[in-house]
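Each chain, written out:
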Amino acid sequence: MSNSFDLIVIGAGPGGYVAAVRAAQLGMKVACVEKQYLGGTCLNVGCIPTKALLDSTERLRFAQHSFAKHGIKIDKLSVDLAAMLSRKNDVVKALTTGVGFLFKKNKITHINGLGKITAPGKVDVAGTTYDAKNILIATGSAPIQIGSLPFDGKNIISSTEALTFDKVPEKLLVVGGGYIGVELGSIWSRLGSEVTVVEFTDGIMPPSDREMAGVLLKSLQKQGLTFQFKTAAQKAVVEIGKVRVTLESAETKQISEVIVDKVVVAVGRRPVTDGLGLESLGVKMNKRGFVEVDDHYQTSVAGIYAVGDVIGKIMLAHNAEEEGVAVAEMLAGKAGHVNYAACPAVVYTHPELAAVGLTEAQAREKYGEIKIGRFSMLANGRARASDETEGMVKVIGDAKTDRLLGVHILSAHAGEMIAECVVAMEFAATVEDLARSFHAHPTLCEAIKEAALAVEGRAIHA
C-alpha cells in the first residue's frame with residue numbers, strides 16, 4: 001500500500017466519511033484515519049442509537065396510551081430491556097458496517113489508529129508517516145464534563161453511558177435541558193423512570209423558538225418529566241449505589257438535595273483535538289477550543305482543513321456532511337456550497353420539534369416588522385386519524401417582502417415534515433409560495449400550508 005494520498009481525512013464520523021466518499025468520487029486518492037469506530041459519535045453513541053431507543057419507547061408509549069382507542073387490546077404489556085438494547089446495537093452495527101462497505105466501494109484506504117499531523121502534508125499513525133496533498137480534520141466532539149459532576153462511568157455519566165443501562169433507573173437526574181437531555185429523559189421516562197431535568201436557563205432548548213419550546217415543555221410535563229429551571233447542580237456524592245446531588249437556585253440561591261440512581265450530564269459538547277498536534281503546527285483555535293477556518297474551511301495552516309463539530313459552526317451531523325462535501329468539491333476545483341441559513345434542526349421527542357431558519361426573536365431583531373401564521377395539529381385530518389394531534393406549525397415571514405424567514409413544527413414526524421421547508425428556504429421562497437403549493441390530502445404536511453395561509457389570515461381549516 002502506498003503511503004501517499006491526495007487527501008487524508010482524520011475522523012470517520014459523518015463529516016469525515018462523507019468527505020472521503022465525495023473526494024473519492026471526484027477522482028482523488030483518499031485515506032481516512034479513525035482511532036475508534038467507523039461512523040463516529042453519530043452512528044455509534046449519538047444520533048442513531050438514541051433514535052433507535054426513542055423509536056422503541058415511542059411504540060411502547062403508543063401501546064400503553066393509544067392502542068385502546070384504535071380497538072387494539074393488550075392484556076399483558078411488558079418490556080424486555082435487553083432485547084430493546086440488542087435491537088439498538090444491531091441497528092448501529094448495520095450502519096457502521098455500511099460505512100466500511102462505502103470505503104471499499106470507493107477505494108478509500110481505512111487507517112485504524114490515532115492520527116497526528118506532524119507537519120503540513122504529514123500524518124503519523126502509530127509510527128508510520130503518511131503523505132497527503134491536503135489534510136481534513138473531522139474529529140468531531142465529545143461530552144463536556146463539568147467540575148462539580150465528574151464522570152465515573154457508572155453513576156455520574158455522559159450521554160454515551162445513558163444508552164446502555166442494564167436496568168431502568170428508578171430515579172434519573174438529567175443535567176441540561178437541551179436536545180440531548182430531553183431526548184434521553186424521554187427514553188427513560190417512557191420506560192418507567194422518574195425523570196427530573198435541571199437546566200441553568202429559564203426553559204428547555206435555549207436556541208429554539210421560545211413559543212415552540214414552551215409548547216413542547218408542556219407536552220413533556222404531561223408525559224411525566226419534571227423540570228427545574230434556573231438551577232445548577234453544585235456537587236454530587238455517591239452513597240451506596242445512589243447519588244446525592246446538591247442543587248442551587250440561580251434566583252433565590254436556595255440549596256436543595258435530591259437522591260437519584262443515575263445522573264446524566266448533558267450540558268453540551270467540546271471539540272476533540274487531543275493528540276492531533278495542532279498547537280505545535282500553529283493551527284489557530286478560539287477560546288473554546290474550536291478550530292478556526294476561513295470561508296473555504298482551511299485552517300490557519302495551508303493545506304489543512306477542518307469541518308463538523310470541531311469547528312463549532314452548527315454542531316449537527318447533517319451539517320458536518322454538507323461541510324465535508326463542500327471541502328471535497330472545492331479541492332477538486334468545484335464550487336462547494338453550504339447554506340447555513342437553511343440547515344434544519346430536529347429534537348426527536350414526542351411530539352418532535354423541527355425548525356429551519358430564524359426564530360421569532362431573531363426575525364424581529366434582523367427584519368423588524370414580521371408576520372406570523374400558526375396552525376394547530378388538532379385541526380389536521382391526518383393527525384386526527386392517527387391520534388397524533390399534539391403540536392402546531394409556525395411560519396414566519398418578512399412583512400415587507402413576504403420572504404420566508406423561518407418555519408417551526410411541533411408534531412409527530414416533524415423531522416420529516418421540515419424537509420419541504422428546507423427546500424423552500426434554499427430557493428428563497430416566499431410565504432405565498434408555500435401557501436400556494438399543493439399538499440396531498442390527508443397528510444400532516446397540510447398543516448404547513450395552513451400555517452402559511454394563516455400569515456395573511458387565510459387559513460381554511462382554522
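Check the entry above for the structure.
*Asks:* How should I be thinking about helix 1 (residues 14-25) in this particular structure?
*Replies:* Residues spaced three or four apart along an α-helix face the same direction, because each turn holds 3.6 residues. End to end, helix 1 covers 16 Å across 12 residues, agreeing with the expected 16 Å (1.5 Å per residue, within 8%). Lining the buried residues of helix 1 we find strand 1 (4-10), strand 2 (30-34), helix 2 (40-45), helix 4 (81-105), strand 6 (128-137) and helix 8 (317-331). Glycine 27 sits one or two residues past helix 1 and shows a positive phi near 95°.

*Asks:* For this particular structure, what's the right way to read the nonpolar core?
*Replies:* Judged by nonpolar contacts, the single largest core of 51 residues is most densely connected at Ile8, Val9, Val30, Ile108, Ile117, Leu136 and Ile137. Contact partners of valine 30, with chain neighbours within four places excluded, come to Phe5, Leu7, Val9, Ala20, Ala23, Ala24, Lys107, Ile108 and Thr109. Of all hydrophobic cores here, the second largest spans 35 residues; its members include Met84, Leu184, Val197 and Ile204.

*Asks:* Looking at this structure, I do not really get the pairing of strand 4 (residues 115-119). What am I missing?
*Replies:* As a general feature of sheets, a regular strand has side chains that alternate between the two faces. Relative to strand 5 (residues 122-125), strand 4 runs antiparallel, the two being bridged by 4 bridges. Following the sheet pairing, glycine 115 is matched in strand 5 by valine 125. Hairpin connection, strand 4 to strand 5: the antiparallel pair is bridged by 2 residues, and glycine 121 has positive phi, about 85°.

*Asks:* It is not clear to me how the environment of proline 271 should be interpreted in this structure. Could you clarify?
*Replies:* Looking at where proline 271 falls in the secondary structure, it is placed in strand 16 (residues 269-271). By relative accessible area, proline 271 is classed as buried at 8%. Along the primary structure proline 271 and alanine 440 are separated by 169 residues, whereas in three dimensions their C-alpha atoms are 43 Å apart. Not counting residues up to four positions away in its chain, the partners in contact with proline 271 are Gly140, Ser141, Arg288, Gly289, Phe290 and Val310.

*Asks:* Got a minute to help me understand the pattern of salt bridges in this structure?
*Replies:* Pairs can form between side chains of opposite charge whenever their charged atoms are close. Applying the stated criterion to the full structure yields 25 salt bridges. Where lysine 371 meets aspartate 402, a salt bridge forms, and the shortest distance between an N and an O atom there is 2.7 Å. Of this pair, lysine 371 sits in strand 20 (residues 370-376) while aspartate 402 sits in the loop between strand 21 (392-398) and strand 22 (404-411), and the two are 31 residues apart along the sequence. No difference in accessibility class separates lysine 371 from aspartate 402, as the two residues are buried. What emerges from the salt-bridge pattern is a single network uniting Asp209, Glu211, Glu360, Arg364, Arg374 and Lys394.

*Asks:* Would you mind going over the pairing of strand 2 with me for this structure?
*Replies:* The element strand 2 is extensively covered by neighbouring structure, given that 5 of its 5 residues are classed as buried. Where burial is concerned, the two faces of strand 2 agree: the one with Val30, Cys32 and Glu34 and the one with Ala31 and Val33 are both buried. In this fold, the crossover linking strand 1 to strand 2 by way of helix 1 has right-handed handedness. Summarising the sheet, strand 2 and strand 3 (residues 109-112) pair through 4 bridges and their orientation is parallel. Note that in strand 3 the partner of valine 33 across the bridge is isoleucine 111.

*Asks:* Help me understand the sheet that holds strand 12 (residues 231-239), please; the structure alone is not making it clear to me.
*Replies:* The 3 strands lie next to each other as 12-13-14, forming an open sheet whose pairing is antiparallel. If you trace the sheet from one side to the other, it starts and ends with strand 12 and strand 14 (255-260), each paired once. Strand after strand, the sheet turns through a mean of 25° between neighbouring axes, direction not considered. In the sheet, strand 12 pairs with strand 13 (residues 242-249) via 8 bridges, with the strands oriented antiparallel. Bridge pairing in strand 13 places valine 238 opposite valine 243.

*Asks:* Would you explain the sheet that holds strand 8 (residues 156-157) in this entry?
*Replies:* Within a beta sheet, neighbouring strands are joined by backbone hydrogen bonds and run either parallel or antiparallel to one another. Reading across the sheet, the 5 strands line up as 8-15-9-10-11 and stay open at both edges, with parallel pairing between neighbours. The strands lining the two open edges of the sheet, one partner per strand, are strand 8 and strand 11 (226-229).

*Asks:* How do you make sense of the environment of valine 33 when you look at a structure like this?
*Replies:* The topology assignment puts valine 33 in strand 2. For valine 33, a relative accessible area of 2% corresponds to the buried category. As for valine 33 and leucine 163, which are separated by 130 residues in sequence, their C-alpha atoms are 26 Å apart. With sequence-adjacent residues up to four places away left out, valine 33 is seen in contact with Ile8, Val9, Ile10, Gly11, Ala12, Ile111, Gly113, Leu114, Gly115 and Val125.

*Asks:* Is there a simple way to think about a nonpolar patch on the surface in this case?
*Replies:* Taken together, the side chains of Ile72, Ile74 and Leu77 make up a nonpolar region of the molecular surface, amounting to roughly 240 Å² of accessible area. Summarising the element assignment, isoleucine 72 is placed in the loop between helix 3 (47-65) and helix 4. In this structure isoleucine 72 comes out as partly exposed when scored by relative accessible area, which is 40%.

*Asks:* Please clarify how the packing of aromatic side chains should be interpreted in this entry.
*Replies:* Each aromatic ring pair is specified by the distance between its two centres and by the angle formed by the two planes. Under the counting rule described, the total for this entry stands at 3 aromatic pairs. Between the aromatic rings of phenylalanine 165 and tryptophan 188, the centroid separation amounts to 4.8 Å while the plane-to-plane angle is 45°, which identifies the pairing as tilted. Here the residue phenylalanine 165 occupies a position in the loop between strand 8 and strand 9 (171-175), and tryptophan 188 occupies one in helix 5 (residues 179-190), the gap between them amounting to 23 residues. In terms of burial, phenylalanine 165 and tryptophan 188 fall into one category: buried. On the basis of an interplanar angle of 15° and a centroid distance of 5.8 Å, the ring pair of phenylalanine 227 and phenylalanine 229 is categorised as stacked. The ring of phenylalanine 5 has lysine 29 lying over it, and the distance from NZ or CZ to the ring centre is 5.1 Å.

*Asks:* Explain the side chain of aspartate 209 here, please?
*Replies:* With respect to the secondary-structure elements, aspartate 209 resides in the loop between strand 10 (194-199) and helix 6 (210-222). For aspartate 209, a relative accessible area of 3% puts it in the buried group. Within the structure, the side chain of aspartate 209 is placed 3.2 Å from the backbone nitrogen of glutamate 211, a separation counted as a polar contact.

*Asks:* Could you clarify how one ought to interpret the packing of helix 1 against helix 8 in this entry?
*Replies:* Describing two packed helices takes the angle between their axes plus the distance from one axis to the other. For the pair helix 1 and helix 8, the least separation of the axes is 7 Å and the interaxial angle reads 30°. Taken together, the axes of helix 1 and helix 8 lie roughly parallel to each other. As for how helix 1 packs across helix 8, the hand of that crossing is right-handed. Together, Pro14, Gly15, Tyr17, Val18, Ala19, Arg22 and Ala23 of helix 1 and Ala317, Ala320, Glu321, Gly324, Val325, Ala328 and Glu329 of helix 8 make up the contact between the two elements. Looking at the contact of helix 1 with helix 8 residue by residue, the classes come out as 9 nonpolar, 2 polar and 3 charged.

Cut-offs used in this document
- Residues numbered from 1 in each chain as written.
- Predicted model: local features only at pLDDT ≥ 70, side-chain atom pairs only at ≥ 80, totals over all residues.
- Heavy atoms only, no water.
- Helix = DSSP H or I, 4+ residues; strand = E, 2+ residues; numbered from the N terminus.
- Expected span 1.5 Å × (residues − 1).
- Contact = heavy atoms within 4.5 Å.
- Core = buried A, V, L, I, M, F, W, Y, C linked by side-chain atoms within 4.5 Å.
- Buried < 20%, exposed > 50% of the residue type's maximum accessible area, 1.4 Å probe, protein only.
- Pairing = 2+ DSSP bridges.
- Salt bridge = Lys/Arg side-chain N within 4 Å of Asp/Glu carboxyl O.
- Right-handed = clockwise from strand over helix to strand, strands pointing away.
- Axes fitted to C-alpha atoms, helices over the stretch in contact; angles between N-to-C directions.
- Patch = residues over 30% accessible without salt bridge, like charges linked within 9 Å, V, L, I, M, F, W, Y side chains within 5 Å.
- Areas by Shrake-Rupley, 256 points an atom, 1.4 Å probe, with all protein chains shown as cover.
- Phe/Tyr/Trp six-rings, centres within 6.5 Å; stacked < 30°, edge-to-face > 60°.
- Lys NZ or Arg CZ within 6 Å of the ring centre and 35° of its normal.
- Polar contact = N/O pair within 3.5 Å; in protein donor to acceptor, adjacent residues only side chain to side chain.
- Parallel < 35°, antiparallel > 145°, perpendicular 65-115°, else oblique.
- Left-handed = near helix turned anticlockwise from the far one by under 90°.
- Nonpolar A, V, L, I, M, F, W, Y, C, P; charged D, E, K, R; others polar.

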